[in-house]
Amino acid sequence: MRDLLFATSACAGLLGLLAALPSTGHAADTAEGQRLYQMHCIACHGATGESLIPNTPNFSRGEGLMQADIGIMASIKAGKNAMPAFAGVLRDQQILDVIAYLRTFQR
Ligand code: HEC
C-alpha cells in the first residue's frame, strides 16, 4: 500500500514537472494560427488567403508559400514592401503557427 502511494505521488510529481516545462518546440497549432491570422493578417490577406490588394500573394494558389518555413518566417519578421514587420509583435512559435495556418489555404 505504501509502495502504491509512493508510485502515485511520484507520478503526480512527474506530471507537474512536465506541465511546468516551457512549451517551446511543440508542433505548430493551426487553430492558434487562425486566431493570430484573424487578428494580424486578414485585413490584407483576406479570409481565404486571396487578397484584393495588388501585388499581394494569393495563398490559396500557394503564392509566397513555396519556400521553407524559415524563409517565410524571415519575411514575416522583417516585413516586405507594403507588409509591416512582425518581429517583436509575434513570437517565433506564433509565427510558425500562422505559417501552418497559411498552408491550409493551399488547394
Ligand atoms: C498591411 C498589409 C499586410 C499585412 C497586415 C500583412 N501582410 Fe503579408 N504581405 C503583404 C504584401 C503587400 C505582401 C507582398 C510583399 C511583396 O512581395 O512585395 C505580403 C507578403 C506576404 C507573404 C509572402 C512573403 C514572401 O516571402 O514572399 C507572406 C507569407 C505573408 N505576407 C504573410 C503574412 C502574415 C502571416 C501576416 C500576419 C501576421 C501578414 N502577412 C500581414 C501585406 C500584408
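If you're wondering where the values come from, they're calculated on a predicted model, not measured in any experiment.

Calculation criteria
Residues numbered from 1 in each chain as written. Predicted model: local features only at pLDDT ≥ 70, side-chain atom pairs only at ≥ 80, totals over all residues. Heavy atoms only, no water. Helix = DSSP H or I, 4+ residues; strand = E, 2+ residues; numbered from the N terminus. Buried < 20%, exposed > 50% of the residue type's maximum accessible area, 1.4 Å probe, protein only. Salt bridge = Lys/Arg side-chain N within 4 Å of Asp/Glu carboxyl O.

This paragraph deals with unusual backbone geometry. Glycine aside, residues mostly have negative phi, and peptide bonds are mostly found in the trans state. Phi is positive for Asn55, which is not a glycine, with a value near 65°. With respect to the helices and strands, Asn55 occurs in the loop between α3 (42–45) and α4 (69–78). Here Asn81, not a glycine, exhibits a phi torsion of approximately 45°, which is positive. For Asn81, the location among the structural elements is in the loop between α4 and α5 (92–102). The class of Asn81 is exposed, set by a relative accessible area of 80%.

Looking at the secondary structure, you find Ala74 in helix α4. Residues Ala74 and Ile95, 21 residues apart in the sequence, show an inter-C-alpha distance of 9.8 Å.

Next up on the list: the pattern of salt bridges. Tallying each qualifying case throughout the model produces 5 salt bridges. Across the pair Arg107 and Glu50 runs a salt bridge, and its minimum N-O distance is 3.1 Å. In this pair, Arg107 sits in the segment after α5 while Glu50 sits in the loop between α3 and α4, placing the two residues 57 residues apart along the sequence. For Arg107, a relative accessible area of 75% translates into the label exposed. For Glu50, a relative accessible area of 38% corresponds to the partly exposed category. Between Arg103 and Asp69 there is a salt bridge whose closest N-O contact spans 2.7 Å. Taken together, the residues Arg103 in the segment after α5 and Asp69 in helix α4 connect sequence positions 34 residues apart.

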